[in-house]
Amino acid sequence: MEIKNLNIFGKNKKVFIKRGNQGNPVVILFHGFPDNFFIWKNVSAGVDERYYQLGINLSDLAGVSLNEAKLIFLSLLKNSGLPLDNGIYFVGHDIGGPVMSYLGDVVKNDIRGSIFLNSLDLDSYRKNIISKQVFKSWYAIVFQLSPYRWAIKNNLLFGKQLFKKLANSHKGEIDFGSIDFYKLFFNSLIGIRNIPTLRGPVFYILSKDDPYIKIPSRKYLNGDITVVRGDHWSVFFDDSISIRIINKKLKSWDLDYAKLKN
Amino acid sequence: MLNLKIDEKINLSSVPGFEFFQKELNKRRQKKYSDKELLRFYISQRLTIDSINEVANLLRPGISELDAAKMLDTLLKKKGVRHFLHHSFAWFGERTCFNGMVSYKDTLPRGDIYLREDDCFILDTAPYVKGVPSDVGLGFCYSKDIQFEKLNKNLVEIKKEIPTLFTGELNSKEIYQRIADSIINKDLKNVHELYPFGVLAHRLHHSTLSRLPSFLKPFSWQAYLDILSRGFLEETISGNNINSIDGVWAIEPHISDGKIGTKFEEIIVVQDGEVFWLDEYFSNKGSF
């Protein structure tokens, strides 16, 4: 895992990069709330080393207009120097999933598939809005209040301590920077914004005991689903079955793509 | 305006007294620019050219015209632009030749037109930078394309011809015709003929109104007011004869071979018998 500093429109942005074997796609990792790209440490080590990897910090894209986020995202991709022409896989956790749906718009043709870890794409979230999911996403409603978002971002209200109590299974660094995406997410769900759809196959890995996701019925999803044991953050444990499932899925999509190309 | 048909020609000169009124208004509002003022146009244009190149460099196949145009607006705003003479346009593929466009509404960037790997595209935008406008349009191709390179070579030749046309004794109508002839002689199509009023060039002026909020799109109310208050068609080179060809002009020949199109739009200064491309003038001057 190599941390790289990129100059994006005059500002320093950190990404993590892992080089793969020539000719293979790039896996882009979108963390959730309240994480940063370090949450991917174990997953990154477990993903097949053939693939290039790029981990971005969502806080670098949050708090600006969606157009600016798209601009920064494209600039991060360009400046990372990774071979995007080989294709892209998206892997996202938590709010990283909806963020993938937004940003997928600017790399539509490059996307070969998207994996959602304890997360859904925007379209599936919207289809499931009239369900228990509303109660599971209660915090997203609280996050609509801008003073609250500001306080959390600035670690007032004892944000970190409170969070540690509410989510005791969370391990690793805490970064509240991506909280602003919840505003965009909420607007999309209640229909203020059009819902962008991701190109390519979609796969969901959902944990059985995740307190923030209600496992939806297959008819409300845009792809296949696997339910694994554990809770919201257990997909990041180094012995997690999710890593094996991710590798299997990427390999099968590689084969599908090769077949399609031939 | 946006609902006007592209092939519909409007003859405003047929309105009695309109031409006379425009000419008189325009005569009174002409201005000679000092080097210091021209430098501000140059800075504005440089920022716009750089931004267009930056966005063009970032685009990937699959992005929509609308996203590309919005990203260009966003980048300019990040660089301090608050208002626009016109917001950004992006045309991909065959739309670079205006093929299939019926009304001016069709020229607006679309959310359902996506860039393909073999596509050429045009980005065109006109921001006010500290009250000084620039209007730049440039053509690109996502991958190497021989047809596009050929088309670009022709465009470079046209660009070389332009200063000589302004230096001579030609009036605006003749300049317009010479450029049109030059395009046709190269077996190409003249796309700027399809622009509103067939405009090949329009004058640019500082605007104090650019600080006020702008709510119209793609052209701001400041743009409409500015051009109307200076005699509308007298401010353009669009096949009509105008009082004087002096001024700071954004000239935009747009050509196509029927399948792909390209253009350039840059400032040319015509003043006191001197004619020069603004970018070359200040680049040659070195530090300032």
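All residue numbers refer to positions counted from 1 along the written sequence of the respective chain. Each chain gets a letter, beginning with A, and each ligand a number, beginning with 1, in the order they are written. The predicted origin of the model limits local features to residues at a pLDDT of at least 70 and limits the giving and counting of side-chain atom pairs to 80 or more, whereas totals for whole chains, interfaces and linings rest on all residues.

## Side note on the overall build of chain A
Here is the rule we go by: Elements are defined by DSSP. Helices are runs of H or I of four residues or more, strands are runs of E of two residues or more, and each kind is numbered from the N terminus. Only the C-alpha atoms count toward the radius of gyration. The rule for a globule is 2.2 Å times the residue count to the power 0.38. Each residue is represented by a C-beta atom placed from its backbone, and any two residues with such atoms within 7 Å are regarded as in contact.
Looking only at helices and strands, chain A has 10 helices and 8 strands in total. Relative to the 2.2 N^0.38 estimate, which gives 18 Å for 262 residues, the radius of gyration of chain A is 17 Å and therefore close to what a compact globule would have. For chain A, the spread of C-alpha atoms along the three principal axes comes to 55 × 45 × 35 Å. In chain A, the proportion of contacts linking residues at least 24 apart, taken out of those at least 6 apart, comes to 72%.

## Details of the interface of chain B and chain A
Our working rule: In the scheme used here, Gly and all other residues not listed as nonpolar or charged are polar, with Ala, Val, Leu, Ile, Met, Phe, Trp, Tyr, Cys and Pro taken as nonpolar and Asp, Glu, Lys and Arg as charged.
The partner chain A presents 16 residues to the 12 residues of chain B that form the contact. When residues of the side of chain B that touches chain A are assigned to their parent elements, the largest contribution, 6 residues, is made by helix α3 (residues 65-78) of chain B. Of the residues assigned to the side of chain B that touches chain A, the class counts are 6 nonpolar, 2 polar and 4 charged.

## Description of helix α3 (residues 96-103) of chain A
Residue and element names in this part refer to chain A. Note the cut-off: Whether a residue is buried, exposed or partly exposed is read from the other C-beta atoms within 10 Å of its own C-beta, which are placed from the backbone; 20 or more gives buried, 12 or fewer gives exposed, and intermediate counts give partly exposed.
A large share of α3 lies buried, amounting to 8 of its 8 residues. Within the span of α3, buried status applies to G96, G97, P98, V99, M100, S101, Y102 and L103. Elements that come into contact with the buried residues of α3 comprise β3 (26-30), α2 (66-80), β5 (88-93), β6 (111-117), α4 (122-127) and α9 (181-189).

## Quick look at the confidence of the model for chain A
Rules: You can read pLDDT as the predictor saying how much it trusts each residue, on a scale of 0 to 100.
In this model, chain A carries an average pLDDT of 89, and 99% of its residues clear a pLDDT of 70 or more. Within chain A, β3 of chain A carries the highest mean pLDDT (98), whereas helix α5 (residues 133-136) of chain A carries the lowest (74).

## A short note on the sheet that holds strand β8 (residues 224-228) of chain A
Residue and element names in this part refer to chain A. The test is simple: When DSSP finds at least two bridges between two strands, those strands are taken to pair. What counts as an axis is a line fitted to C-alpha atoms, over the stretch in contact for a helix, and the angles between N-to-C directions run from 0 to 180 degrees.
If you trace the 8 strands from one edge of the open sheet to the other, you get β1-β2-β4-β3-β5-β6-β7-β8, paired in mixed fashion. Lying at the two open borders of the sheet, with one neighbouring strand each, are β1 (2-8) and β8. Strand-to-strand twist in this sheet, taken as the mean axis angle between neighbours without regard to direction, amounts to 20°. Here β6 pairs with strand β7 (residues 202-207) via 4 bridges, running parallel. Across the sheet, I115 pairs through a bridge with F203, a residue of β7. Seen against the sheet, α2 touches β1, β2 (11-18) and β4 (52-56) and runs at an angle of roughly 120° to β1. In the packing of α3 onto the sheet, the strands contacted are β3, β5 and β6, and the crossing angle to β5 comes to about 145°.

## A short note on the packing of helix α2 (residues 35-58) of chain B against helix α7 (residues 278-285) of chain B
Residue and element names in this part refer to chain B. Defined as follows: In what follows, roughly perpendicular refers to angles from 65 to 115 degrees, roughly parallel to angles under 35, roughly antiparallel to angles over 145, and oblique to any angle outside these ranges.
Taken N-terminus to C-terminus, the directions of α2 and α7 make an angle of 105°; their axes are 10 Å apart at the nearest point. It follows from the interaxial angle that α2 and α7 lie roughly perpendicular. Residues L38, L39, F41, Y42 and Q45 of α2 touch α7, and the partners they reach there are L278, D279 and F282. The residue inventory of the contact of α2 with α7, partitioned by class, reads 6 nonpolar, 1 polar and 1 charged.

## Observations concerning unusual backbone geometry
Leaving glycine out, the prevailing phi sign among residues is negative, and the prevailing peptide bond configuration is trans. Of note, the amide linkage connecting F33 of chain A to P34 of chain A takes the cis form, showing an omega dihedral of 0°. Within the secondary structure, P34 of chain A is located in the loop between β3 and α1 (41-46). Here F9 of chain A, not a glycine, exhibits a phi torsion of approximately 50°, which is positive. Relative to the helices and strands, F9 of chain A is located in the loop between β1 and β2. According to the C-beta neighbour criterion, F9 of chain A is partly exposed, with 13 such atoms within 10 Å. Although it is not a glycine, K130 of chain B adopts a positive phi angle of roughly 50°. The topology assignment puts K130 of chain B in the loop between β2 (120-129) and β3 (132-133). Of the residues examined, K130 of chain B has 13 C-beta atoms within 10 Å and is grouped as partly exposed.

## Description of the environment of F215 of chain B
All names here are of chain B. You can see F215 is positioned in the loop between β6 (201-203) and α6 (221-228). According to the C-beta neighbour criterion, F215 is exposed, with 7 such atoms within 10 Å. Separated by 109 residues in sequence, F215 and D106 place their C-alpha atoms 20 Å apart.

## Description of the pairing of strand β8 (residues 247-251) of chain B
All names here are of chain B. When you tally the buried positions in β8, you get 5 out of 5 residues, the bulk of the element. The alternating pattern of β8 places G247, W249 and I251 on one face and V248 and A250 on the opposite face, and all of these are buried. In terms of strand pairing, β8 meets strand β10 (residues 261-271) through 5 bridges, oriented antiparallel. Across the sheet, the residue bridging to W249 is I268, located in β10.

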